[in-house]
Amino acid sequence: MFLPAYKDHPFVIQYAMRALESHSVDVTFFYVPQIVQTLRYDALGYVERYILETAQFSQLFAHQIIWNMKANSYKDDDGQVPDEIKPALDKVMGKMVDSFDPADRTFYEREFSFFDEVTSISGKLKPLIHRPKDEKKQKIEEELRQIKVDVGVYLPSNPDGVVIGIDRKSGKPLQSHAKAPYMATFRIQKTIGGVEEVAEAAEEQANGQDPQQLTTVEVWQSAIFKVGDDCRQDVLALQMIAAFRGIFHDVGLDVYVFPYRVTATAPGCGVIDVLPNSISRDMLGREAVNKLYDYFVTRYGNEDSLRFQQARSNFVKSMAAYSLISYLLQFKDRHNGNIMIDDAGHIVHIDFGFCFDIAPGGVKFERAPFKLTQEMLAVMGGSTDHQSFKWFEELCVKAFLASRQYCEKLSQMVLLMMDSGLPCFKPESVKNFRDRFVLDKTEREAADYMRGLIKRSASSYSTGVYDQFQFITNGIPY
């Protein structure tokens, strides 16, 4: 309703503001990228007022907004070409920081300087990009040793837990042609209980009462830090995946996706959570597991065993959800380095640099609606007549029919990002996205349409060609 199409009509704006203010901050947290984009059209300053008011009572919201604003201030990864929205963002950022009380300001400075230190290691690795891996690893270790973990600091991708330590030896340089991303592992303390309970306990303590006992757990969390690499497209793709997860949950559909967290924190900078207990299909290939089915048998026991059945069931539930989402969001570059298998047998997609209307090198190699290879088929029973495959097909159809009811809401999330300058968008992107829901068809026709997409994907030649291409050019096994 803040878009130019509504011409800042006073009644529409008032209604939009009331609607925004009626939601809890946990809900608005989810829409930070869209809220920041609406500042492009905020001639009357309503969105600005909303951001400043919300930032007053949620420091975490304020931090997320600031990181997102920094990431959207420039059109390029090196922060040289300012976006038209930059003056508006600078103004709101300045006002926000000025409005912090002394305690909030100290927290903000602590958090941002801690995170800048951690991210800047990626920049310091750049001169060593062609040096041996050991040398790079040593450099990361040296830099991690110098970082002091202040009280209360957290990883932007994990605002619900505080960092209490760093595994100084965990630094690992990652493969990249021109960038220097690296991975490190942090000790994170999380409080079990909602945000409200934590706030309540803090309040009781401040009033001299004995705070209610909250259970805290400590976990290791690995994260990847990137400099000079735009993560905003991943942020959007994962936000959409999380929205689909919400839809499937609302309709009671038992399928699986894992929207891991990515936060863009500055032009071309970001932090990406590493999937826990997972291995990429590409790494399995390097470990000489030739077929996915063989891996399942080795890992979970033979096909009749309960553990194999469980893992296959998890594989089917995740395949159905990701197949549908891959088609609707047009995920490309689906080689084996971008497909993970977790401990329980779920398949999880990562790395969404190519989606909507952009393909690697502009070449539409992958013509199949989504990736459904022979080895994936083998895990689901080996033939399209097998009960497991039929179940996969049924879940795909149900997920598609459920998603169609939310087409409008999902389209609006995309529409608000259209002016952000992300390379995945063409002028017709929203129309193309909506068209993929085939809203002109009846439910029965839509179900048949989905079955047709599955059939096309299962018999697609281009998927295999793309995997061969990746093997030849990047050495990624298939």
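Note that this is a predicted model, so its numbers are computed, not measured. (Residues numbered from 1 in each chain as written. Predicted model: local features only at pLDDT ≥ 70, side-chain atom pairs only at ≥ 80, totals over all residues. Heavy atoms only, no water.)

## Details of the overall build of the protein chain
Across its full length, the protein chain carries 19 helices and eight strands. Out of the 478 residues belonging to the protein chain, those deemed buried represent 51%. Accessible area of the protein chain: about 22,600 Å², with a carbon and sulfur share of 53%. (Helix = DSSP H or I, 4+ residues; strand = E, 2+ residues; numbered from the N terminus. Buried < 20%, exposed > 50% of the residue type's maximum accessible area, 1.4 Å probe, protein only. Areas by Shrake-Rupley, 256 points an atom, 1.4 Å probe, with all protein chains shown as cover.)

## Description of the sheet that holds strand 6 (residues 278–280)
Pairing within the open sheet is antiparallel, and its three strands lie in the order 6-7-8. This sheet does not close on itself; its edge strands, each paired only once, are strand 6 and strand 8 (347–349). On average, each strand axis in the sheet is tilted by 35° relative to the strand beside it, whichever way the strands run. Sheet topology note: the strand 7 (residues 339–342)/strand 8 ladder contains three bridges and is antiparallel. Within strand 8, the position partnered with isoleucine 339 by the bridge is histidine 349. Docked against the sheet, helix 13 (residues 306–329) engages strand 7 and strand 8, running at close to 25° with respect to strand 8. (Pairing = 2+ DSSP bridges. Axes fitted to C-alpha atoms, helices over the stretch in contact; angles between N-to-C directions. Contact = heavy atoms within 4.5 Å.)

## Quick notes on unusual backbone geometry
What is expected of a backbone is that most residues other than glycine have negative phi and most peptide bonds are trans. Even without being a glycine, aspartate 351 presents a positive backbone phi close to 65°. If you trace the backbone, aspartate 351 turns up in the loop between strand 8 and helix 14 (374–379). Phi angles above zero are rare outside glycine, and valine 438 is one such case at about 35°. With respect to the secondary-structure elements, valine 438 resides in the loop between helix 17 (429–435) and helix 18 (443–458).

## Some words on the packing of aromatic side chains
Counted according to the given criterion, the structure contains 23 aromatic pairs. With centroids separated by 5.8 Å and ring planes inclined at 65°, the aromatic side chains of phenylalanine 186 and phenylalanine 225 adopt a geometry described as edge-to-face. Pair noted here: phenylalanine 186 is in strand 2 (residues 182–192) and phenylalanine 225 is in strand 3 (residues 215–227), with a separation of 39 residues, a long-range link. As far as the burial class goes, phenylalanine 186 and phenylalanine 225 line up, both buried. Centre to centre, the rings of tyrosine 293 and phenylalanine 308 are 5.9 Å apart; their planes meet at 70°, and the pair counts as edge-to-face. Here phenylalanine 308 lies in helix 13 and tyrosine 293 lies in helix 12 (residues 292–300), a separation of 15 residues in the sequence. Taken together through their ring pairs, the aromatic side chains of Trp67, Phe100, Phe107, Tyr108, Phe112, Phe115, Tyr154, Tyr182, Phe186 and Phe225 make up a single cluster. (Phe/Tyr/Trp six-rings, centres within 6.5 Å; stacked < 30°, edge-to-face > 60°.)

## Things to note about the sheet that holds strand 1 (residues 161–173)
Strand order in this open sheet of five strands is 1-2-3-5-4, and the pairing throughout is antiparallel. Both edges of this open sheet fall to strand 1 and strand 4 (262–266), since each of them pairs with a single strand only. If you compare each strand with its neighbour and ignore which way they point, the axes differ by 30° on average. With five bridges connecting them, strand 3 and strand 5 (residues 269–273) associate as antiparallel partners. Paired with phenylalanine 225 across the strands is valine 271, a residue of strand 5. Along the sheet, helix 7 (residues 102–125) contacts strand 1, strand 2, strand 3, strand 4 and strand 5; its crossing angle with strand 3, the most-contacted strand, is approximately 35°. Of the strands in this sheet, strand 1 and strand 2 are in contact with helix 8 (residues 133–145), which crosses strand 1 at around 155°.

## Details of the side chain of aspartate 83
Its location among the elements puts aspartate 83 in the loop between helix 5 (59–71) and helix 6 (86–99). Excluding residues within four positions of it along the chain, aspartate 83 makes contact with Arg40, Asn72, Ser73, Tyr74, Lys75 and Ser420.

## So, the pairing of strand 3
With 11 bridges joining them, strand 2 and strand 3 adopt antiparallel strand pairing. Its bridge partner being in strand 3, threonine 185 is matched across the sheet by serine 222.

By themselves, these figures tell us nothing about what the structure is for.
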